Amino acid sequence: MHHILKTLIYLLALYGANAIEKNFPALKNDNLLRAARGEPVDRVPVWVMRQAGRYLPEFQEVRKQHDFFTICRTPELACEVTMQPLRRFDLDASIIFSDILVIPQALGMTVEMHAGVGPVFPEPLKTPADLAKLTPEGAVGRLTYVGDAITMMRHMLEGRVPLIGFTGAPWTLMGYMIEGGGSKTMAKSKGWLTDYPEDSKKLLTMLTDAIVDYLEMQVKAGAQLLQIFESSAEHLSKDDFLKWAVPHIKDIRDKLTERLKQQSIPTVPMTLFAKGAGHSLKEQATLGYDVIGLDWTVDPVEARKEVGPNITLQGNLDPQDMYKTPEEVRTLTTEMVRKFGKERYIANLGHGITPQTPIVSMETLVEAVHNAL
């Protein structure tokens, strides 16, 4: 593997991502993509949000040596971390190690990862005048390291499982940029929607355009499925979610699809995960996404009624359930999978796996999903 890695790094340095993207190894386990497209699967596919992360001791070892965003910006490190959960668990997908906040960084904002706190923006957007500081021109060119990591990862996987690319959605990114980090209330960002509606729309549109460029680059680099994280949907009422978030989420899908079509590039399945937006599943189902991700508050049977038979559902075990005994994890996972069924379903948690999760819980989850039906 080390030899392969060195060769890939050399090729990327010499030619860039596009030089080797045409020679990807054949895919051996395509259950994730089949499920996303509504085709029959050998087994229910399972992957976990943040599966390459702090609950893994080997990830902690890498973090002791490297800053978080250094790992994101260094393809060989990003690939190593992306690979870690696949060495331990029989997962049906990998997701490139990165962060949703690389887009604000590409727009000229400083983002720091503080231990025990999370992401921090030393200079958040305070008033609409601050929008002038953003640098949308050429933003995607400052994110080529993600494309390089995706291309490298496709080769490292040797066709074992599909590779997922991702982005944050505009409202979620806007929230971080204004709040200066994570927030339990999003009060400042919601204040912008009320006090500066035109400037809010301008910012959300700027983010949408950057996201479309970013996802196009990820597809060209080799991403086989894309997930859009609207992690802060829970802070909006249904009316505000439909007014401020949904139009941009729809634009991302429509504009990306059209752009790929114009270049005769095959589209890839797209997943929308809007945490806390269980109130709008019917509306989400009209946006053109292949997969709708569900958080743990949503009942699988009700969700299927809301979205209909032609969209794949993903989710949705409560991450806190992973702290229960292996027997309880197995029982809860089996019950969940049987509620969703084998058709148009991808098993996952209802949000990202948390840092103290026992390794045995992941082993049990993956095994239980595969044996449930």
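Just above sits the structure.
Below is a summary of the structure that appears in this document. (Residues numbered from 1 in each chain as written. Predicted model: local features only at pLDDT ≥ 70, side-chain atom pairs only at ≥ 80, totals over all residues. Heavy atoms only, no water.)

1. A closer look at the packing of helix H8 (residues 170–179) against helix H9 (residues 187–195)
- The geometry of H8 relative to H9 is characterised by a closest axis approach of 8 Å and an angle of 110° between their N-to-C directions. The angle between H8 and H9 places the two elements in the roughly perpendicular class. The way H8 lies across H9 gives a crossing that is right-handed. Counted together, Trp171, Met174, Gly175, Ile178 and Glu179 of H8 and Ala187, Lys188, Ser189, Lys190, Trp192 and Leu193 of H9 form the full contact between these two elements.
- Of the residues contributing to the contact of H8 with H9, the split by class is six nonpolar, two polar and three charged. (Axes fitted to C-alpha atoms, helices over the stretch in contact; angles between N-to-C directions. Helix = DSSP H or I, 4+ residues; strand = E, 2+ residues; numbered from the N terminus. Parallel < 35°, antiparallel > 145°, perpendicular 65-115°, else oblique. Left-handed = near helix turned anticlockwise from the far one by under 90°. Contact = heavy atoms within 4.5 Å. Nonpolar A, V, L, I, M, F, W, Y, C, P; charged D, E, K, R; others polar.)

2. Some remarks on the side chain of His370
- With respect to the helices and strands, His370 occurs in helix H15 (residues 359–371).
- For His370, the side chain forms a polar contact with the side chain of Arg43, separated by 3.2 Å.
- If near-sequence neighbours (up to four positions away) are discounted, His370 is found in contact with Arg43, Val44, Val46, Asp90 and Asp92. (Polar contact = N/O pair within 3.5 Å; in protein donor to acceptor, adjacent residues only side chain to side chain.)

3. Considerations on the sheet that holds strand E1 (residues 94–95)
- Taken in spatial order, the seven strands make up an open sheet running E1-E4-E5-E6-E7-E8-E9, and their pairing is parallel. Edge positions in the sheet fall to E1 and strand E9 (345–349), since each of these pairs with one other strand and no more.
- Sheet analysis places E1 next to strand E4 (residues 163–168), joined by two bridges and oriented parallel. Within E4, the position partnered with Ser94 by the bridge is Leu163. (Pairing = 2+ DSSP bridges.)

4. Focus on the pattern of salt bridges
- This structure, assessed with the given rule, holds 22 salt bridges.
- Between Arg253 and Asp254 there is a salt bridge, with the nearest N and O atoms lying 3.5 Å from each other.
- For Arg253, a relative accessible area of 25% translates into the label partly exposed. (Salt bridge = Lys/Arg side-chain N within 4 Å of Asp/Glu carboxyl O. Buried < 20%, exposed > 50% of the residue type's maximum accessible area, 1.4 Å probe, protein only.)

5. Comments concerning the pairing of strand E5 (residues 225–230)
- Of all six residues that make up E5, six are buried, and the element is covered over most of its length.
- By the alternation rule, side chains of E5 split into Leu225, Gln227 and Phe229 and Leu226, Ile228 and Glu230, which are all buried.
- As defined by bridge partners, E4 adjoins E5 across five bridges and the pair is classed as parallel. By the bridge assignment, Phe166 is partnered in E5 with Gln227.
- Where E5 and strand E6 (residues 270–274) come together, five bridges link them in parallel fashion. Pairing of Gln227 across the sheet is with Thr271, part of E6.
- For the segment spanning E5, helix H11 (residues 238–262) and E6, crossover handedness is right-handed. (Right-handed = clockwise from strand over helix to strand, strands pointing away.)

6. Focus on the packing of aromatic side chains
- Under the counting rule described, the total for this entry stands at eight aromatic pairs.
- Judged by centre distance (5.7 Å) and plane angle (80°), the rings of Phe166 and Phe229 are edge-to-face. Of the two residues, Phe166 is situated in strand E4 and Phe229 in strand E5; the sequence distance between them amounts to 63 residues.
- Residue classification places Phe166 among the buried positions, given a relative accessible area of 9%.
- Residue classification places Phe229 among the buried positions, given a relative accessible area of 12%.
- Ring geometry for Phe340 and Tyr345: centres 4.2 Å apart, planes at 5°, overall stacked.
- Judged by its relative accessible area of 0%, Tyr345 is buried.
- Ring pairing ties together the aromatic residues Phe59, Phe68, Phe69 and Phe97, which thus form one cluster.
- Stacked on the ring of Phe24, the Lys or Arg Arg154 has its end atom at 4.0 Å from the ring centre. (Phe/Tyr/Trp six-rings, centres within 6.5 Å; stacked < 30°, edge-to-face > 60°. Lys NZ or Arg CZ within 6 Å of the ring centre and 35° of its normal.)

7. Section: the packing of helix H5 (residues 75–88) against helix H7 (residues 144–157)
- It is at 9 Å that the axes of H5 and H7 come closest, and there the two elements cross at 45°. Relative to H7, the element H5 is oriented oblique. Seen along the crossing, H5 lies across H7 with a hand that is right-handed. For the pair formed by H5 and H7, the contact residues are Pro75, Glu76, Ala78, Cys79, Thr82, Met83 and Leu86 on the first element and Tyr145, Asp148, Ala149, Met152, Met153, Met156 and Leu157 on the second.
- Taken together, the residues of the contact of H5 with H7 break down into 11 nonpolar, one polar and two charged.

8. Let's talk about unusual backbone geometry
- Across the junction of Gly315 and Asn316, the peptide omega takes the value -10°, indicating a cis bond.
- Locating Asn316 in the fold gives a position in strand E8 (residues 312–317).
- With phi around 65°, Arg50 is a residue other than glycine that occupies positive phi space.
- Its place among the elements puts Arg50 in the loop between helix H2 (31–37) and helix H3 (57–65).
- Notably, Glu158 is not glycine yet its phi reads approximately 50°, a positive angle.
- Looking at the element boundaries, Glu158 is found in the loop between H7 and E4.

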